[in-house]
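Structural description and commentary
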Amino acid sequence: MGQGPAPVFLPGYPLSKKEEKGVFSSLGDSLSSLKLTIALLIILAVASIFGTVIPQNASPEEYLRFYKFSTYKILKILGFLDMYHTGWFVFLLALLSLNLVVCSWRRLRVTRKFFFLPGESMEDEQWKALPLHRKFLQQGLAVDILPRFQEVLSRIFTRPKLVEDSKQAYLLFAEKEKPSRIGVYFIHLSVLVILVGALIGSFLGFRGNVNIGEGQAADQVILRNGQQVRFPGFSVKLEKFSVSFYSTGAPQEFKSILTIMEKGRKILTEPILVNHPLTYKGITFYQSSYGVAGVAEAILAVKDRQSGEEVSIAAQMGNRTEIQGSSSFFLLDRFLPDLQGMGPALQIIFSEPNRPQQNFWVFQNHPELEDQRAGRYRLTIKGIEPRYYSGLQVTKDPGVGVVWAGCLIMIAGFYMTFFMSHRRIWVRLTEKEGGTLVAIAGSSHRDRTGFEEEFKKIDHALREPRRAHEENKERGGQS
Amino acid sequence: MISTKMFSSVTFLYLACTVLYINFLAFRSERLGKIATGLSWITLLIHTAAILWRWVESYQLGMGHAPLSNMYESLVFFSWCIALLYLLWEKKMKARIIGAFAMPFAFLFIAYASLAPGVSDRIDPLIPALQSNWLHAHVITCFLSYASFALSCAVSVMYLIKIKKKEQGGKETGWISLFPPLDSLDALVYKTIAMGFPLLTIGIVTGAAWANYAWGSYWSWDPKETWSLITWFVYALFLHARLVREWRGKRTALLSVIGFAAVIFTYFGVNYILSGLHSYT
């Protein structure tokens, strides 16, 4: 972290003006302009604000509750009701990407030299232009001093390279944390990668919902646009759904046990929960909703009004259930979770010998109503085990991996950009009368103040290499 | 609950810290400054203990989850992040002048947690959507970034006050003379954002990863997501303007304040103003 890069390398700054500019190069200039970047970021931010204030993808009825019809029409035509997928919004994103590519490309020409051109040796003028340099005279021959300097630099900075080696002059060059220069390209690249991932998802992926009752299977899904998509060669069976609640009434867990079937064969059985989806052949199933499809079993208390005896009977939906010790039987015909605001109710068809068949409703929460019905038996509902259906969201998005790769590249880019600083040190040894002239120069990409400290330390250590070297040896010997 | 009582006393302690830092600024008394710093560290310690204790309490209630799961807990954690980042900065820089501008943020957010009528201090069990390890990574990175942006905003306000005084041509007198030089303030505005921006990015990415597990979509232009992206755009703008266009001083300080306003809207505004139209479940 620290100050920004030196103002020498500025993309977006007008490049040297040529006499005549072609249409393409001036177009390139406007596309590489940082003004465009700033304008696009502002426009995208403001547009996004509209997108959060105006409800997106709601039904016309909902909109007409908020807006006048004319306002609704205008918003619809301008694409504000599904703004993030509207042409002009996508165009802005595409323009931002193009701007990013052109800016990065132009900037790369400057950064390139740190990587591919030999930046190590330098002319006197370049030397003087560096922000930090020192000179001092050291006794002894350059050839004797050199190994000590190499050792000191390796120890407190990093291993130097010997870039010039003439008879009486040497130039050492050492550099650290070079990736700091290219972090910004990683970040820009990552934005493109993420957008590409999103495009892959929107063209090759789909998203839909399917409700499956317990014991049933589905082999296709209906998408949001009404289209039907078959699962490739398999079907999904819901073995069981369960829901549990905390004592506060808040939901604790929604769980569907799914079996993947291929040609009638069970492939695998796995539970899915919220936050634990199941992926099979690129299609992912998410626990999304649930509901009651009917009743699996009901426990009924059957009281004989003549004898006063009461028995509990578990009855399956749709099956004929006999009352033991009599020739009566009944059938659970239908279940409604809420009949006329009076709660759950079962429709029962009852058959007694020598009486016409009865067809009536029994309410779970209103057992007293049974008293008004004539007949030998009085029925009350003791318990109902609902048969659930589970609402699954079915998603295919082959772009997700690309998006995550983009996110990782972005984070790596941030690390390089904000937590690294390309630091370079040059040391030149020139033999003179009476000793060797040592010149040190340094530059850093960021954090100038931090580097000044480091440079001072290096300068100090080189001036007294022998002492620092020996102290270090002694310390090493003691420990 | 004991932790709730601890948080109430921590609220008053942060108020005391704020008053001390302001007095330190007003009377320029080194002793007051030292007391302010000491009390702030003690407050942060109690604050930390209270968060840990709330965690223990959630286990005692049979739920057992980190105290990062609702508005109350997030406000308490936000305040903790601000106090921690500020105090670490103060220790590193050996300058406590920003305390008078940073501590009020720590105080305000925890006070809002205790006093706002809509914010319940109950420990609730986690609903299925929140039962994810992404919750921790997401909440921690988001609030550390928000806290960096809060500090940046505090420093920007100092910068704007100082430059206004300077532009009025007056000599720097009184408490403004204690402010760090404009250049240092400007550099600090940048450094805090250079820390907050990557954290915000990780916060958004972990949120997207979580959404992908829970709802099957890493991005759905939900208002909360969109506002976090708007915030990201504002700070991206700040960094480009500063690093490439060499914007300095007033303009970047203003951008930092706008950015923090976007943070606040992402955090509160979306819940309170836009929730009538959209819900975040």
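For clarity, every value in this text was computed on a predicted model and none was experimentally measured. (Residues numbered from 1 in each chain as written. Chains lettered and ligands numbered in written order. Predicted model: local features only at pLDDT ≥ 70, side-chain atom pairs only at ≥ 80, totals over all residues. Heavy atoms only, no water.)

1. Considering the overall build of chain B
Counting secondary structure elements, chain B contains 8 helices and 0 strands. Element order for chain B, N to C, with α for helix and β for strand: α-α-α-α-α-α-α-α. Over its C-alpha trace chain B gives a radius of gyration of 20 Å, about what one expects of a compact globule, namely 19 Å for 281 residues. Referenced to the eigenvectors of the C-alpha coordinate spread, the extents of chain B come out at roughly 60 × 45 × 30 Å. Across the 281 residues of chain B, 59% fall into the buried class. Expressed as a percentage of contacts within chain B between residues at least 6 apart in sequence, the contacts between residues at least 24 apart total 78%. Looking at chain B as shown, the accessible area adds up to about 11,600 Å², and 68% of this sits on carbon and sulfur atoms. Measuring between centres, the 22 positive side-chain charges of chain B sit 10 Å from its 13 negative side-chain charges. (Helix = DSSP H or I, 4+ residues; strand = E, 2+ residues; numbered from the N terminus. Rg over C-alpha atoms; globule rule 2.2 N^0.38 Å. Buried < 20%, exposed > 50% of the residue type's maximum accessible area, 1.4 Å probe, protein only. Contact = heavy atoms within 4.5 Å. Areas by Shrake-Rupley, 256 points an atom, 1.4 Å probe, with all protein chains shown as cover. Lys, Arg positive; Asp, Glu negative; His and termini not counted. Charge placed at Lys NZ, Arg CZ, Asp CG, Glu CD.)

2. Side note on the interface of chain B and chain A
At the interface, 47 residues of chain B touch 56 residues of chain A. Each partner contributes to the roughly 4,600 Å² buried at the junction of chain B and chain A, and carbon and sulfur atoms together form 71% of this total. In terms of surface lost to chain A, no three residues of chain B exceed Y218, W221 and R245 of chain B, which account for 15% of the buried area on that side. The tally of links from chain B across to chain A stands at 0 salt bridges. Seen at the junction of chain B and chain A, the total is 11 residue pairs in polar contact (both at pLDDT 80 or more). Of all the secondary structure elements, the ones that give two or more residues to the side of chain B that touches chain A are helix 6 (182-214) and helix 7 (223-243) of chain B. If one sorts the elements of the side of chain B that touches chain A by residue count, helix 6 of chain B sits on top with 16 residues. (Buried area = accessible area lost by both parts, 1.4 Å probe. Salt bridge = Lys/Arg side-chain N within 4 Å of Asp/Glu carboxyl O. Polar contact = N/O pair within 3.5 Å; in protein donor to acceptor, adjacent residues only side chain to side chain.)

3. With respect to helix 5 (residues 134-167) of chain B
The terminal C-alpha atoms of helix 5 of chain B lie 48 Å apart, and with 34 residues this matches the ideal 50 Å at 1.5 Å per residue to within 8%. Directly after helix 5 of chain B, the chain includes G169 of chain B, whose backbone phi takes a positive value near 85°. (Expected span 1.5 Å × (residues − 1).)

4. Some remarks on the state of the cysteines
Two cysteines joined by a covalent bond between their sulfur atoms form a disulfide. Counted by the stated rule, this structure contains 0 disulfides over all chains. Not part of a disulfide, C153 of chain B finds its nearest cysteine sulfur in C81 of chain B, a span of 16 Å. (Disulfide = S-S within 2.5 Å.)

5. Digging into the packing of aromatic side chains
A complete count under the given rule lists 50 aromatic pairs over all chains for this structure. An angle of 70° between the planes, with centres 6.1 Å apart, marks the rings of F7 of chain B and Y72 of chain B as edge-to-face. Separated by 65 residues along the polypeptide, F7 of chain B in helix 1 (residues 2-27) and Y72 of chain B in helix 3 (residues 71-93) bring together distant segments of the chain. On the accessibility criterion, Y72 of chain B (2% relative accessible area) is buried. Among the aromatic residues, those joined into a ring-pair cluster are F77, F78, W80, F109, Y112, F143, Y146, Y267 and F268 of chain B. Above the plane of the ring of F360 of chain A lies R373 of chain A, whose end atom (NZ or CZ) is 3.7 Å from the centre. Of note, R251 of chain B hangs over the ring of W247 of chain B, and the distance from its end group to the ring centre comes to 4.1 Å. (Phe/Tyr/Trp six-rings, centres within 6.5 Å; stacked < 30°, edge-to-face > 60°. Lys NZ or Arg CZ within 6 Å of the ring centre and 35° of its normal.)

6. Remarks on the sheet that holds strand 19 (residues 423-432) of chain A
All names here are of chain A. One open sheet holds the 5 strands; their spatial order is 1-20-19-3-2, and the pairing between them is antiparallel. Where the open sheet ends on each side, the last strands, each with one partner, are strand 1 (132-138) and strand 2 (161-165). Going across the sheet, the axis of each strand differs from the next one's by a mean of 15°, ignoring polarity. Looking at chain direction, strand 3 (residues 169-176) and strand 19 are connected through 8 bridges and run antiparallel. If you follow A174 over to strand 19, its bridge partner there is I425. Relative to the sheet, helix 7 (residues 142-156) contacts strand 1, strand 2, strand 3, strand 19 and strand 20 (435-444), its axis offset from that of strand 19 by approximately 165°. The sheet strands contacting helix 10 (residues 448-463) are strand 1, strand 3, strand 19 and strand 20, and the helix crosses strand 1 at an angle near 5°. (Pairing = 2+ DSSP bridges. Axes fitted to C-alpha atoms, helices over the stretch in contact; angles between N-to-C directions.)

7. A short note on the confidence of the model for chain A
Residue and element names in this part refer to chain A. Mean pLDDT over chain A stands at 84; residues scoring 70 or higher make up 90%. Confidence, read as mean pLDDT per element, is least for helix 11 (residues 465-478) in chain A (50) and greatest for helix 9 (residues 400-419) (95). Counted against residues more than four places away or in other chains, residues 1-20, with its pLDDT under 50, gives 45 contacts. (pLDDT = per-residue confidence, 0-100.)

8. Quick notes on the packing of helix 1 of chain B against helix 2 (residues 30-60) of chain B
Residues and elements named next belong to chain B. In contact at an axis separation of 9 Å, helix 1 and helix 2 are set at 165° when each is read in the N-to-C sense. Between helix 1 and helix 2, the crossing angle belongs to the class labelled roughly antiparallel. Between helix 1 and helix 2 lies a crossing whose hand is left-handed. (Parallel < 35°, antiparallel > 145°, perpendicular 65-115°, else oblique. Left-handed = near helix turned anticlockwise from the far one by under 90°.)

9. Points about the domain arrangement of chain A
Assigned domains within chain A: domain 1 (20-111), domain 2 (120-177 + 422-468) and domain 3 (217-258 + 288-389). Computed over C-alpha atoms only, the centres of domain 1 of chain A and domain 2 of chain A are separated by 51 Å. (Domains from an automatic or database assignment.)

10. Considering the confidence of the model for chain B
Close inspection of predicted coordinates is inappropriate for parts of the model with low pLDDT. Residues and elements named next belong to chain B. For chain B, the average pLDDT comes to 90, and 96% of its residues sit at 70 or higher. In this model residues 276-281 is a low-confidence stretch, pLDDT under 50, and it forms 12 contacts with partners more than four residues away in sequence or in other chains. Overall fold confidence for the complex sits at a pTM of 0.84, while the interface term, ipTM, reaches 0.90.

11. Side note on the pattern of salt bridges
Summed over the entire model, instances satisfying the criterion amount to 23 salt bridges over all chains. For E151 of chain A, the salt bridge identified is with R155 of chain A, shortest N-O distance 3.0 Å. Placement of both E151 of chain A and R155 of chain A in helix 7 is noted, with a separation of 4 residues, approximately one turn of the helix. Residue E151 of chain A is classed as partly exposed on the basis of its relative accessible area, which comes to 26%. The closest approach of N and O atoms between E30 of chain B and R96 of chain B, which form a salt bridge, is 3.1 Å. With a gap of 66 residues between them, E30 of chain B in helix 2 and R96 of chain B in the loop between helix 3 and helix 4 (99-115) connect regions that are remote in the sequence. Here the salt bridges do not stand alone but share partners, grouping R134, D459 and R463 of chain A into one network.

12. Observations regarding the pairing of strand 8 (residues 235-245) of chain A
All names here are of chain A. When strand 5 (residues 217-218) meets strand 8, the two strands line up antiparallel, connected through 2 bridges. The residue bridging A217 from the neighbouring strand is K237, located in strand 8. In this structure, strand 8 lies alongside strand 9 (residues 251-262), joined through 10 bridges in antiparallel fashion. Note on strand 9: the bridge partner recorded for V236 is I260. Between strand 8 and strand 9, which pair antiparallel one after the other, the connecting turn spans 5 residues, and G249 there sits at a positive phi close to 95°.

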